[in-house]
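Summary of the model geometry
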Amino acid sequence: MSTELIDDSHESKSNFIHNEIDNDLAQGKNGGKVLTRFPPEPNGYLHIGHAKSICLNFGIAQKFNAACNLRFDDTNPVKEDVEYVDSIEADVRWLGFNWADEPKYASDYFDQLYEWAVKLIKKGKAYVCELTAEEIAAQKGTPTEAGKESPYRNRSVEENLDLFERMKNGEFKDGEKILRAKIDMASPNMHMRDPIMYRIIHKHHHRTGDKWCIYPMYDYTHGQSDFIEGITHSICTLEFEVHRPLYNWFLDQILEGEPTPAARPRQIEFARLNLNYTVMSKRRLLELVQKNIVDAWDDPRMPTISGLRRRGYTPESIRMFADKVGVARRDNVIDVALLEYCIREDLNKRTMRVNAVLDPVKLIITNYPDDQVEMMETINNPEDESMGSRTLPFCKELFIERDDFMEEPPKKFFRLGPGLEVRLKSAYIIKCESFVKDANGNITEIHCTYDPETRSGMPQSERKVKGTLHWVSARHCIDAEVRLYDRLFMDAEPDGHKDVDFKEFINPDSLKVLSNCKLEPCMKDVKPLDKFQFQRLGYFCVDTHSSPEKLIFNKTVGLKDSWAKAAAK
RNA sequence: UGUCCCGUUGUGUAAUGGUAGCACAGAAGAUUUUGGUUCUUUUAGUCAGGGUUCGAAUCCUUGCGGGACAACCA
């Protein structure tokens, strides 16, 4: 396949966030500086929704000649793992983006965060609380009803300082005490009702080891991490909009009294991506993996970046997709057809066309010399002349697709049937004379004659015939396994039903393994992730578990099939 | 029965008070040694009412609809 990269860096269309940044720049904010960040929690693999965010954040960096940080929000050692850190770095790089400097970690800021927490305590803005999780939930109130104040809320600064220090020193068990911000239990914003800043977790952390047994909550960490890094624009999804006042409150407290406070990040929210016929939450995806409903995080049916990669998607196609879905604030569900359009668009330009017969039936050319073999020249990619041509062997015994023959074909069937004529791509025009069936009524052989004057390139080959079929030589072809995929869920929004678990909608036929596929001999040296168009069928990608002894292909996406559409009517 | 956010063809996204456009999907046709590609053509939209204005998708207002928020998750 072509290794030429498609430069799509200038295609990126504008969106409301770009406009806001333009406005900020025009007003001279941040001294003309722009810095964004992509802040995943390393508790799962990245999915296509993250790809949207990655393209947005790194895309802003490209557009404004700025940089984008990769920062791991690793504040919860219970759920996080280096496996995820590694996969996230690999996925971002594979998508084609480079972050500024080394990857950053919220855990790099634990010391600073601790210092600031002490400062808040000293200001009387934070206190150690001993309520249980249940008690806190009970006294938190509801969105329409104010909460109650904790009985520990008015401890002295000295006592809070002492207790917090002892929390840090490991004197208490998990859950015994927490540090809370002292804000307003009656706030209409639930996040302002004395949110938790620190909790006790006696657990080894992938970066800080056993240094800490108290870990800051996301809400106490995220805004300050952005501030520390000098992020100018904190782009995040809509659900964090209600957190914004809290982030601002923390920064207000921390920066109060600072002589020349540094610029603060501006948070701008956008609507997360939803794709129909799949789920898009790490929790759901984890469940699919853990319950072995799919192979792994990189199962080709998964909407993960690694799954799409293994399925045969290219970084260019995913970037094109991110660009086409746009960025806005209203809820959206994107049709997978758009994703499929993007990958077809890309693969059409770059993949070599090869002959592959997925469900083979033997075709015998009765008037072709028994031992003759001809090498037929064929073009590698009609969309790209520079990809050249190759030859493939033709002989008396071929395989064609079982679908390409009908015993009693309807009128508009432009393929093979008794008495019908078709062209064999890059070879001869043949005519079906007869066929053979076994005891079960399955067709085992199709007998045809060929017209020697119609070899491709000869004048007689110009003759009009209705259909052109792909084929392989039965004496030269190689075997392969081909995996066909269908959508993982049968419902357009499997996660959108209040009373039905999303797993109820799993498509039992989402994977179909074809083990008797025949490929033309040029395919014997393919490498994992090599991509091809199987002529007339679709785009296929060599699986990561494929080997020369056992070739395995994944179907990325089918070609548009107007015949299937017409036949279905 | 709180606060906040959001309603533009089927789906997504533009139009920053001045011609409602683009893409995908759908339909019809042309071309084609892939029923692919490419190229034409085409269907279809401003949630509803009221107001401001010469002029409203855009501003105001009321209603309707959708979403977010009550983890020692992020």
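Residues numbered from 1 in each chain as written. Chains lettered and ligands numbered in written order. Predicted model: local features only at pLDDT ≥ 70, side-chain atom pairs only at ≥ 80, totals over all residues. Heavy atoms only, no water.

For chain A, an unreviewed UniProt entry supplies the name Glutamine--tRNA ligase and the organism Breznakibacter xylanolyticus. Per UniProt, chain A carries the Subunit (unreviewed entry) text "Monomer." UniProt annotates chain A under Catalytic activity (unreviewed entry) with the comment "tRNA(Gln) + L-glutamine + ATP = L-glutaminyl-tRNA(Gln) + AMP + diphosphate". (UniProt positions renumbered as here; feature names shortened; annotations may be inferred.)

Strand order across the open sheet formed by seven strands is β19-β16-β17-β18-β12-β15-β20, with mixed pairing between neighbours. Edge positions in the sheet fall to β19 (468-469) and β20 (472-473), since each has one partner strand and no second. Examined bridge by bridge, strand β16 (residues 421-424) and β19 share two bridges and lie parallel to one another. Its bridge partner lying in β19, arginine 423 is registered against threonine 468. (Pairing = 2+ DSSP bridges. Helix = DSSP H or I, 4+ residues; strand = E, 2+ residues; numbered from the N terminus.)

Closest axis-to-axis distance for the helix α7 (residues 218-229)/helix α8 (residues 244-255) pair is 9 Å, and the angle between their directions is 65°. Crossing handedness for the pair α7 and α8: right-handed. Counting all contacts with α7, which are made through Tyr218, Asp219, Tyr220, His222, Gly223, Gln224 and Phe227, the residues of α8 involved are Leu246, Tyr247, Phe250, Leu251, Ile254 and Leu255. (Axes fitted to C-alpha atoms, helices over the stretch in contact; angles between N-to-C directions. Left-handed = near helix turned anticlockwise from the far one by under 90°. Contact = heavy atoms within 4.5 Å.)

Attention shifts here to helix α11 (residues 315-325). Most of α11 sits out of view: nine of its eleven residues are buried. Taken residue by residue, α11 has Pro315, Glu316, Ser317, Ile318, Arg319, Met320, Phe321, Ala322 and Val325 as its buried positions. Against the buried residues of α11 lie α2 (48-63), α3 (82-94), α10 (305-311) and α12 (336-350). (Buried < 20%, exposed > 50% of the residue type's maximum accessible area, 1.4 Å probe, protein only.)

Moving on: the pairing of strand β13 (residues 374-379). Of the two faces of β13, only one is covered, namely that formed by Glu374, Met376 and Thr378; the face formed by Met375, Glu377 and Ile379 stays uncovered. Summarising the sheet, β13 and strand β14 (residues 389-394) pair through six bridges and their orientation is antiparallel. Residue pairing in the sheet places threonine 378 in a bridge with arginine 390 of β14.

Counting residues in each nonpolar core, the largest one holds 37 residues, and the members touching the most others are Ile48, Ile54, Phe58, Val92, Leu275 and Phe321. Those elements that place two or more of their residues in this core are α2, β2 (67-72), α3, α10, α11 and α12. By residue number, the principal contributor to this core is α2, which donates six residues. When residues no more than four places from it in sequence are discounted, the contact partners of phenylalanine 58 are Phe38, Cys68, Val92, Phe97, Asn98 and Trp99. Of all hydrophobic cores here, the second largest spans 33 residues; its members include Ala117, Ile121, Ile254 and Leu255. (Core = buried A, V, L, I, M, F, W, Y, C linked by side-chain atoms within 4.5 Å.)

Here we take up the sheet that holds strand β11 (residues 356-357). Note: strands within a sheet are paired through backbone hydrogen bonds, in either parallel or antiparallel orientation. One open sheet holds the seven strands; their spatial order is β10-β23-β24-β25-β21-β22-β11, and the pairing between them is mixed. Whereas interior strands pair on both sides, the edge strands pair on one side only; in this sheet they are β10 (352-354) and β11. Note: strand β21 (residues 478-485) against strand β25 (residues 552-558), three bridges, orientation parallel. Its bridge partner lying in β25, glutamate 481 is registered against isoleucine 552. Of the strands in this sheet, β10, β23 (531-534), β24 (538-542) and β25 touch α12, which is tilted by about 115° from β25.

Note that predicted coordinates carrying low pLDDT should not be read in detail. Across chain A, the average pLDDT comes to 95, with 98% of residues at or above 70. Under a pLDDT of 50 for its full length, residues 1-10 has, in the predicted model, 13 contacts with residues more than four places off or in other chains. With pTM at 0.96, the complex prediction returns an ipTM value of 0.97. (pLDDT = per-residue confidence, 0-100.)

This paragraph deals with the domain arrangement of chain A. Domain boundaries in chain A define domain 1 (1-102 + 217-350), domain 2 (106-216) and domain 3 (353-476). Taken over C-alpha atoms, the centre of domain 1 sits 29 Å from the centre of domain 2. Taken residue by residue, the interface counts 30 residues in domain 1 and 31 residues in domain 2. Counting across the domain 1 and domain 2 interface gives two salt bridges. Between glutamate 258 and lysine 119 there is a salt bridge whose closest N-O contact spans 3.6 Å. (Domains from an automatic or database assignment. Salt bridge = Lys/Arg side-chain N within 4 Å of Asp/Glu carboxyl O.)

Okay, the pattern of salt bridges next. As enumerated under the stated definition, the model contains 54 salt bridges in all. A salt bridge links arginine 155 to glutamate 130; its shortest N-O distance comes to 2.5 Å. Here arginine 155, found in the loop between α5 (133-139) and α6 (157-168), pairs with glutamate 130, found in the loop between β4 (126-129) and α5; they are 25 residues apart in sequence, far enough to count as distant. What makes arginine 155 buried here is its relative accessible area of 15%. In the salt-bridge network here, residues are joined through shared partners; they are Asp295, Asp298, Arg310, Glu481, Arg483, Asp543 and Lys550.

It is worth spelling out the environment of lysine 565 at this point. Take lysine 565: it is sitting in helix α13 (residues 562-568). Looking at lysine 565, the relative accessible area reads 59%, which means it is exposed. In this structure the C-alpha to C-alpha distance between lysine 565 and arginine 301, which are 264 residues apart in sequence, comes to 23 Å.

So, on to the protein's contact with RNA strand B. Residues in close proximity to RNA strand B total 68 residues, the closest being Asn19, Arg353, Ser456, Gln533 and Lys565. In RNA strand B, atoms within 4 Å of the protein come 61% from sugar and phosphate. Contacts to RNA strand B include arginine 330, whose side-chain N or O atom sits 3.1 Å from a base oxygen. At 2.8 Å, a side-chain N or O of glutamate 383 approaches a base nitrogen of RNA strand B. Taken together, the elements giving at least two residues each to the surface near RNA strand B come down to β6 (196-200), α11, α12 and α13. When residues in the surface near RNA strand B are grouped by element, the largest group, four residues, is from α12. A breakdown of the residues in the surface near RNA strand B according to their chemical character gives 23 nonpolar, 20 polar and 25 charged. (Near = heavy atom within 4 Å. Polar contact = N/O pair within 3.5 Å; in protein donor to acceptor, adjacent residues only side chain to side chain. Nonpolar A, V, L, I, M, F, W, Y, C, P; charged D, E, K, R; others polar.)

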